[in-house]
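# Structure at a glance
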Amino acid sequence: MRAPLLDVSDLHVWFDLGGRGEVHAVRGIDFSVDEGERFGLVGESGCGKTTAILALMGLLPPNASVAGQVLLAGENVLARGEDSAAPHRWSEIAMVFQGAMNAFNPVRTIGEQIVEPMELHDVAEGRVAVLRARELLEVVGIPADRAARYPHEFSGGMRQRAAIAMALACNPKILLADEPTTALDVMVQAQILELLTALANDFGLALVLVTHDLPVVAQVCERAAVMYAGVIAELGPVDELYHDPRHPYTRLLFAATPDLYGDDEVVSIPGAPPRLDREPIGCPFAPRCDRAFAPCPTVTPRMLEVGTHHLAACHLNERVVEAVS
Amino acid sequence: MTIVEAASAPEAPASVRAGVFRHVLGQPQAIVGLAVVSVFALVALLEPVLISGDPKEKVAAVFQAPSSAHLLGTDGGGADMLKLLAAGAQISLLVGFAAAVVSALIGGSFGLLAGFFGGKTDIVLMRITDYVLVIPDVPLMVVAAALFGRSITNIILIIGIIYWTTTARLIRAQVKSVRERVYVRRARALGAGNWRLIGKHVLPQVAPLLIANTVLLVAYAIFAEMFITFLGLGDPSLISWGRLIENAFTDDAVLNNAWWAIVPPGVCVMLVVLGSTLLGQAMEDTLNPRLRVGHLSVRRFRIRPVPRTEP
Amino acid sequence: MRGIDFVVKRVLFAIATVFVAITLNFVLFRAIPGDAIQALRCQHCTVQFKNALRKELGLDKSKWTQYRLYVQGLAHGDMGKSLRSQNPVTHELWPAIKNTIPMVALGYVFSIILGTITGVIAAWRRGTIVDRGSVGTALAFYSMPPQWLGLMIVLFLASAVGLPTSGIKDPSLGILGEPSLWTVVIDRLRHMVLPSLSIGLVLYGEYTLVVRSAMLETLGEDYVLTARAKGLSSWATVWKHAFRNALLPIVTLVAISLGFIIGGFITIEYVFSYPGIGLAIVEAIDQRDYPILQGAFLLLALAVIFFNLVADLLYFKLDPRVTT
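Residues numbered from 1 in each chain as written. Chains lettered and ligands numbered in written order. Predicted model: local features only at pLDDT ≥ 70, side-chain atom pairs only at ≥ 80, totals over all residues. Heavy atoms only, no water.

Looking now at the overall build of chain C. Along chain C, the regular secondary structure elements total twelve helices and zero strands. Listing the helices and strands of chain C from first to last along the sequence gives α-α-α-α-α-α-α-α-α-α-α-α. Among the 324 residues that make up chain C, the fraction classed as buried is 52%. Long-range contacts, defined here as pairs at least 24 residues apart, represent 77% of the contacts in chain C between residues at least 6 apart. (Helix = DSSP H or I, 4+ residues; strand = E, 2+ residues; numbered from the N terminus. Buried < 20%, exposed > 50% of the residue type's maximum accessible area, 1.4 Å probe, protein only. Contact = heavy atoms within 4.5 Å.)

We now examine the pairing of strand 4 (residues 64-72) of chain A. In terms of strand pairing, strand 1 (residues 6-16) of chain A meets strand 4 of chain A through eight bridges, oriented antiparallel. Across the sheet, Val13(A) pairs through a bridge with Val66(A), a residue of strand 4 of chain A. Across two bridges, strand 4 of chain A lies against strand 1 (residues 302-303) of chain B in parallel orientation. By the bridge assignment for strand 1 of chain B, Ser65(A) is matched with Arg302(B). With two bridges connecting them, strand 4 of chain A and strand 5 (residues 75-76) of chain A associate as antiparallel partners. Following the sheet pairing, Leu71(A) is matched in strand 5 of chain A by Asn76(A). With antiparallel pairing between neighbouring strands as the criterion, strand 4 of chain A and strand 5 of chain A make up a hairpin whose turn holds two residues, including Ala73(A) at a positive phi of roughly 50°. (Pairing = 2+ DSSP bridges.)

Residues and elements named next belong to chain A. A volume near 1,400 Å³ is recorded for the second largest pocket. The wall of the second largest pocket is formed by 48 residues, among which Arg27, Gly28, Asp30, Pro301 and Met303 lie closest to the centre. Within the residue set of the lining of the second largest pocket, elements represented by two or more residues are strand 1, strand 2 (22-33), strand 9 (223-228), strand 10 (231-237), strand 12 (310-312) and helix 10 (315-324). Top contributing element to the lining of the second largest pocket by residue count: strand 2, with seven residues. When the residues that make up the lining of the second largest pocket are grouped by side-chain class, the tally is 24 nonpolar, eleven polar and 13 charged. (1 Å grid on protein atoms, 1.4 Å probe; cavity = no way out; pocket = protein on both sides within 12 Å on 5 of 7 lines; lining within 4 Å. Points joined across faces, edges and corners; volume = space filled by probe spheres on them. Nonpolar A, V, L, I, M, F, W, Y, C, P; charged D, E, K, R; others polar.)

All names here are of chain B. When you line up the elements, Thr214 lands in helix 10 (residues 194-230). Taking relative accessible area as the criterion, Thr214 reaches 16% and is therefore assigned buried. Among the polar contacts listed, one links the side chain of Thr214 to the backbone oxygen of Leu210, at a separation of 2.6 Å. If we skip the residues at most four places from it in the chain, Thr214 touches Ala100, Val101 and Ala104. (Polar contact = N/O pair within 3.5 Å; in protein donor to acceptor, adjacent residues only side chain to side chain.)

Counting 129 residues, the largest nonpolar core has Ile159(B), Trp241(B) and Met215(C) as its most contacted members. The greatest single-element share of this core, amounting to 15 residues, is contributed by helix 10 (residues 234-271) of chain C. In this structure, Trp241(B) is in contact with Phe40(B), Leu85(B), Gly88(B), Ala89(B), Ser92(B), Met226(B), Pro265(B), Cys268(B), Val269(B) and Val272(B), ignoring residues within four places of it in sequence. Counting residues in each nonpolar core, the second largest holds 110 residues, with Ala94(A), Ala163(A), Val216(A) and Phe254(A) among its members. (Core = buried A, V, L, I, M, F, W, Y, C linked by side-chain atoms within 4.5 Å.)

Glancing now at the sheet that holds strand 9 of chain A. Residues and elements named next belong to chain A. Spatial ordering of the open sheet is given by 6-7-8-3-9-10-12-11, a layout of eight strands whose pairing is mixed. Lying at the two open borders of the sheet, with one neighbouring strand each, are strand 6 (93-96) and strand 11 (304-307). Sheet twist, expressed as the average angle between the axes of neighbouring strands with direction ignored, equals 20°. Taken together, the five bridges between strand 7 (residues 174-178) and strand 8 (residues 206-211) define a ladder with parallel strand orientation. Across the sheet, the residue bridging to Asp178 is Val210, located in strand 8. Each of strand 3 (38-42), strand 7 and strand 8 is contacted by helix 6 (residues 186-203), which is oriented at about 140° to strand 3, the strand it contacts most. Those strands touched by helix 9 (residues 248-255) are strand 3, strand 9 and strand 10, and its axis lies near 105° from that of strand 9. (Axes fitted to C-alpha atoms, helices over the stretch in contact; angles between N-to-C directions.)

Our focus in this paragraph is the packing of helix 3 (residues 110-120) of chain A against helix 4 (residues 126-139) of chain A. Residues and elements named next belong to chain A. Direction vectors running N to C along helix 3 and helix 4 enclose 120°, while the axes themselves pass 9 Å from each other. With respect to each other, helix 3 and helix 4 are oriented oblique. Like other packed secondary-structure pairs, helix 3 and helix 4 cross with a definite hand, here right-handed. Of helix 4, the residues touching helix 3 (which contributes Ile110, Gly111, Ile114, Val115, Met118 and Glu119) are Gly126, Ala129, Val130, Arg132, Ala133, Leu136 and Leu137. (Parallel < 35°, antiparallel > 145°, perpendicular 65-115°, else oblique. Left-handed = near helix turned anticlockwise from the far one by under 90°.)

By the element assignment, Leu59(A) lies in the loop between helix 1 (49-56) and strand 4. Considered as a pair, Leu59(A) and Leu316(A) are 257 residues apart in the sequence and their alpha carbons are 37 Å apart. In contact with Leu59(A), other than residues within four places in its own chain, are Leu54(A), Arg89(A), Phe97(A), Leu225(C), Arg228(C) and Ala229(C).

Here we take up the pattern of salt bridges. Residues and elements named next belong to chain A. Evaluation of the coordinates by the stated rule reveals 19 salt bridges over all chains. For the salt bridge of Glu37 with Arg223, the shortest nitrogen-to-oxygen distance reads 2.5 Å. A residue pair is termed long-range when its members are at least 10 positions apart, and Glu37 in the loop between strand 2 and strand 3 and Arg223 in strand 9 qualify at 186 residues. For Glu82, the salt bridge is made with Arg89, and the minimal N-O distance between the two is 3.1 Å. (Salt bridge = Lys/Arg side-chain N within 4 Å of Asp/Glu carboxyl O.)

All names here are of chain A. In terms of burial, strand 9 is largely enclosed, as six of its six residues are buried. Burial of strand 9 is two-sided: the residues Arg223, Ala225 and Met227 facing one way and the residues Ala224, Val226 and Tyr228 facing the other way are all buried. Strand direction decides the pairing type here: strand 3 and strand 9, joined by four bridges, are parallel. Among the inter-strand pairings, Gly40 is bridged to a residue of strand 9, identified as Ala224. Where strand 9 lies against strand 10, six bridges are found, and the strand directions are antiparallel. Looking across to strand 10, one finds that Tyr228 is bridged to Val231. Hairpin remark: strand 9 followed by strand 10, antiparallel, with two residues in the connecting loop; positive phi at Ala229, about 50°.

This structure, assessed with the given rule, holds 16 aromatic pairs over all chains. On the basis of an interplanar angle of 90° and a centroid distance of 5.2 Å, the ring pair of Phe116(B) and Phe117(B) is categorised as edge-to-face. Since its relative accessible area comes to 31%, Phe117(B) is described here as partly exposed. Judged by centre distance (6.4 Å) and plane angle (85°), the ring pair of Tyr108(C) and Phe307(C) falls under edge-to-face. Of the two residues, Tyr108(C) sits in helix 5 (residues 89-124) while Phe307(C) sits in helix 12 (residues 290-318), which places them 199 residues apart along the sequence. Site record: aromatic cluster; members linked through ring pairs are Tyr228(A), Tyr249(A) and Phe285(A). Over the ring of Phe154(A) we find Arg146(A), and its NZ or CZ is 5.8 Å from the ring centre. (Phe/Tyr/Trp six-rings, centres within 6.5 Å; stacked < 30°, edge-to-face > 60°. Lys NZ or Arg CZ within 6 Å of the ring centre and 35° of its normal.)

Turning next to the packing of helix 11 (residues 277-287) of chain C against helix 12 of chain C. All names here are of chain C. Taken N-terminus to C-terminus, the directions of helix 11 and helix 12 make an angle of 145°; their axes are 9 Å apart at the nearest point. Crossing geometry of helix 11 relative to helix 12 is assigned as left-handed. Of the residues in helix 12, those in contact with Ile277, Ala280, Ile281, Ala284 and Ile285 of helix 11 are Ile292, Leu293, Ala296, Leu299 and Leu300. Across the contact of helix 11 with helix 12, the residue classes tally to ten nonpolar, no polar and no charged.

Below, the structure written as structure tokens:
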């Protein structure tokens, strides 16, 4: 079996708050992504998913510290911090940021900004680079002559596409997309998602899609991880997460999504996520869980295999596993 | 807000006043600024107690170097420099604060009315501001001082009338944003009249920023007073730090190498201006915070060992 | 052409402001309690002389007429006559302008360059001792009264570097025959150095602070993170992305600070006895020579208005988002 393209083990990220202690934003997560695979990272705001993918590229601020291993095509990206992360940027791993509307420098043209990484990483230069940039714009559905325009002349959806084009500039192997459809209207959302899926297929691109929006994951991703309070609650094929969730949070999350065609009541999850500046005791979801029982408040659940390539961190599965074994 | 921003941002204060105090005083430069200004203010207030007699009185030879009798030497008229400095503190600080307050009142009113009522009022008031803003302040001051007389009240008023424009803009922007806040709209929907809205809702939100701006204006006002005095347009009967420097210049202190007549008044001004600038900026930063994470820094994120978890 | 209506609007505004300045000028000087002529102090100013002068200057006519005459005169480049010397104001001020402009320009350029460099470095090295040092020094100079700074330079620096501290001409020049152009230029420059330095130091502090602040603002923008993500080096990011955007508020400051410097250069010219507009103003104040003051004030107002206009247009050119 081929080694995965991206292999994350025991990733931790802390933020130093100056006089006020430390936030432990990502608390030891493990996941892997194969070449050409479409992987989703789901969770509420503040669960640490954005921080996690920023860490994959080493794009953390100076008050951050990191632990664990991120293997990209075999190399540990975090071995020496910025120095080991920087060489892989854009040429192997690229990102489309949340709010890509602002990812562009307002005083330079879109075309210039797509050409920039090409010349930087010696992928192409001069006329060739410009032509390639125009091609990329066409691929994402933007007329090539728009390359000479400024960001403010594009609509939100088009800027999002342009950001995707820019991310593809150096033929990366894996594309990270952070909330690519938030702040776009529904029609445009669907188009962007189709685009991402098509790109992954056509270019053999691996995709890590970060979102709080479950239908997005359901539409685009093959496998997904559900994050809560800095840890992964459950990880597995999207189908199984939807039809056979093994963590109460996953179940409630899917149930909380309003079903346009069904008569189901909208279920919301009462309560709020725990503070990340303290180390939790027991399962972080216990206070809000509808199935919490004896061990939950005091014993931290481990990640257990509950199916093929399907893992969940919940004490409920231990009984099943015990019963089975 | 991404977690990166959230993790790096200061906590939003529960109540504006309490939170502001705590946060401002938490910054070292604010404390330094406040301390410096307080010291001088104290000296100014206690001057009649500390210093006996008329500071301008000749007590020794002209331009005498510092000695144990006269810690800062004497000026071109033979008067004790230290006494003169203390007396000067009174006037300089008085003019500084008073003029700043006048500016703040005018600018604040303009900004408040323009921001709250919007529409025609806004356009008219802002046009006026635009025109006043472009006229260079100093020649206007000089001319006005030359024409309208040299009393201290006039000077305070003149300075105040020149410097209100930036305050007006600042307050206007703030008022506009406050006006759109939910609780204001709610109060309006409940039928509260305009003045009640301004008084109870808008003003308390805007006041801290206005105060911060006033503190910053003190620096400008002191400079302006110095300038007017230096050109011989100040109140001739009063001593201010500006006057001391002017005297030093006209008495040829340089030729006499009498640095003690020149350096101290300037240092005093510098300290007060520095202090109020630090304090004012700290206050403004708190109230108009920039919750920005810099994406570029010389320092980098750190690597740590993986924490051990219990089995 | 993009935004021609913007350009037109700004130019019209500038012209309108010029009229406001002219009117303000007129009103201020006619609002003198008593009579300008009354207050005139000079040797040959007898009562008859003053009355004759009054008639000649049209001060016995109505205010409206005076205003009309004044504006008409301005249109012909006539700013009236100096009360003291009876020469046309333009005659008196022109050499002063020629002296002031290079001196101030030199100081201005110095402060912009120094301020920008220190500001950029401080922002780039945010939080380090370099940052704190730059900001601290900038604040210190920013807090110094210009006349005091000038005096300090005269007191402590001048003799050390052997530069003259007053006037613009070495009086000994030309005694031994017609000096060469080169000697004259050098002489002028030598006299300019200290006053320019004073102006530069007075101004640079604010530039440092504004540039630093503008840079920090842009460094927090998403496109800077994107640049870092694309693999750009720190330096390239600062120069190609952050600075270009930070330039916008800096340009505004360059124009606006001309207004601030006016107080500075007037006192500095006074301290250094440098025969420019500043010194002319000071002398005119002393002698109550109002036409000179009026003329000088108008010129300064025009300069500020012009600079603001240039800044507006520059900003418009630099920022493609500005359309109105």
